[in-house]
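Given next are the chains, with one letter for each unit.
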Amino acid sequence: MNWAFTTSGRVTETYAAGLLRVMLEIPSPSYQERDLAGFLADTMAQLGFQTHIDSVGNVIGVIDRGAGPTLMLLGHLDTVAGGPPVLSEDGRLYGRGAVDAKGPLAAMICAAAGAVGFPGRIVVVGVVEEETPRSRGAMAIRATLTRPDALIIGEPSGWSSVVLGYKGKLDLRYSVTCPATHPTNPVPKASELAAVCWESLLDLLGPDASHVVFEQPGATLVQVNGDLTRATADLSVRTPPGFDVDALLSGLRDRLPAGRIEVLNSVAACRVGRADPVVRALVSGIRLQHAKPRLVVKTATSDMNTLAEAWDIPMAVYGPGDSSLDHADDEYIVLSEYLRGIDVLTTALSALALLPARSDDRADAAPRPLRSLR
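Along every chain, residues carry numbers that run from 1 in the direction the sequence is written. In keeping with the predicted nature of the model, local features appear solely for residues at pLDDT of at least 70, side-chain atom pairs appear and are counted solely at 80 or more, and the whole-chain, interface and lining totals rest on all residues. For the side-chain quantities, the full set of heavy atoms in the structure was used; hydrogens and water were omitted.

Brief notes about the pattern of salt bridges
We count it as follows: One speaks of a salt bridge when a side-chain nitrogen belonging to Lys or Arg is within 4 Å of a carboxyl oxygen belonging to Asp or Glu. Think of it this way: any DSSP run of H or I at least four residues long counts as a helix, any run of E at least two long counts as a strand, and we number them from the N terminus.
One pass over the structure, following the stated rule, counts 9 salt bridges. E309 is the salt-bridge partner of R142, the closest N and O atoms lying 3.3 Å from each other. Of this pair, R142 sits in helix α4 (residues 136-144) while E309 sits in the loop between α8 (303-308) and β15 (315-318), and the two are 167 residues apart along the sequence. Note that D234 is salt-bridged to R173, the shortest N-O span being 2.7 Å. Of this pair, D234 sits in strand β11 (residues 230-239) while R173 is found in strand β9 (residues 168-177), placing the two residues 61 residues apart along the sequence.

Things to note about the layout of surface pockets
It is the rolling of a water-molecule-sized probe over the atoms that shows where space remains empty. Under the convention used in this document: The way it works is a 1 Å grid over only the protein atoms, where trapped points that fit a 1.4 Å probe form a cavity and open points with protein on both sides within 12 Å along at least five of seven lines form a pocket, and then any residue with an atom within 4 Å of a point lines it. Grid points are joined across faces, edges and corners, and a volume is the space filled by probe spheres set on the points. Residues were grouped as follows: Ala, Val, Leu, Ile, Met, Phe, Trp, Tyr, Cys and Pro as nonpolar; Asp, Glu, Lys and Arg as charged; and all remaining residues, including Gly, as polar.
The computed volume of the largest pocket comes to approximately 660 Å³. Lining the largest pocket are 29 residues, with E130, R238, A300, T301 and S302 positioned closest to its centre. Elements supplying a minimum of two residues to the lining of the largest pocket: β12 (260-267), β14 (294-298) and α8. Per-element accounting of the lining of the largest pocket gives the leading share, 3 residues, to β12. Among the residues making up the lining of the largest pocket, the classes are represented as 7 nonpolar, 11 polar and 11 charged.

Some details on the sheet that holds β11
Basically, it comes down to this: Paired strands, as defined in this entry, are two strands with at least two bridges between them according to DSSP. In this analysis an axis means a line fitted to C-alpha atoms, helices contributing only their contacting stretch, and an angle means the value between N-to-C directions, from 0 to 180 degrees. Should any heavy atoms of two residues lie within 4.5 Å, those residues are considered in contact.
The strand order across the open sheet formed by 4 strands is β10-β11-β9-β12, and the pairing between neighbours is antiparallel. Either end of the sheet is taken by a strand with one partner, and the two such strands are β10 (218-226) and β12. Averaged over all adjacent pairs, the angle separating strand axes in this sheet is 15 degrees, with direction ignored. In terms of strand pairing, β9 meets β11 through 10 bridges, oriented antiparallel. For S175, the partnering residue across the bridge sits in β11 and is T232. Across the sheet, helix α5 (residues 190-205) touches β9, β10, β11 and β12, and the angle it forms with β11 is around 15 degrees. Packed on one face of the sheet, helix α6 (residues 245-255) meets β9, β11 and β12 and runs near 165 degrees to β12.

Topic: the sheet that holds strand β5 (residues 92-94)
If you walk across this open sheet you meet the 3 strands as β4-β5-β16, and the pairing is antiparallel. Lying at the two open borders of the sheet, with one neighbouring strand each, are β4 (87-89) and β16 (332-334). Averaged over all pairs of adjacent strands, the angle between their axes in this sheet comes to 20 degrees, without regard to strand direction. Pairing geometry for β4 and β5, over 3 bridges, is antiparallel. Looking across to β5, one finds that E89 is bridged to R92. Lying over the sheet, helix α1 (residues 13-25) contacts β4, β5 and β16, oriented at roughly 20 degrees with respect to β5.

Structural data, given as structure tokens:
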């Protein structure tokens, strides 16, 4: 028996902890994910996956055990820069990406490798550039891979919580150039117009705008550069479901006497219901660990938004880790919670094995409901 597996075919806790530690020891800031992708391609191959790295750098592993449903588990390889040194202390594993989101991805790999009874195909994907405005990795996956029957996105929900949805995101850049003039000239200066743009955006979003409330938009002034003659301002708006992006852009442009608004990125909000088959499967896994599941929505944005725009399938977000530690200088994951996350995913895979598989000629048809999860 391979030392990585128990006699029942599940990945051992020792192997799971070691896998995550090595992943943390391989730096993978956005645009520099190649080393981690190569390591995971080799590692998943050793665990029984058929693996390859696609044209944009995503690593893809497939376990095919028959004509049952296709389940995709998708996390991201990249992290923000910096972070604490990799260290295991007092049941915590420190390192950049421990929470966001190497911990969830490692848990997915381990659960998929140990799903010996799954009757169909499990596709595990580590995508690049999730931490960037373009989400190039997820965009490539939705364009090149066949739509699965169900999808779990790996982000830190907390091991006993499931994320139902995320706000959308609208990234804007305002650029303006003005003739050189004396500072006391009453004509608008470029730097002043950048300030007007930000103030106009806040006014258009209204007094209830908030990054805390899921149903309201929230704005961030990401960056301002400029002087009297040239200025740019990068603005980001997190948008709720149903938000009218075109109306906002039209209103903003009407208020600016000069300059140009450029849309850098736009992705809509997404949200699934409590009865979604993937949600129910994950809830079953959490309950089996004797915990009360929490169903939450997030005011940030993830690759769920990108994939939900193209794939109308059962999906949800799940992963061990405390999301308040995303990008933190002391980012860590509690190892016992990481291992519980693997158990939750293992149970969810068994439940999702009951999903009906779509035939190729029905690839664009709406999925039928999941049968009993009991």
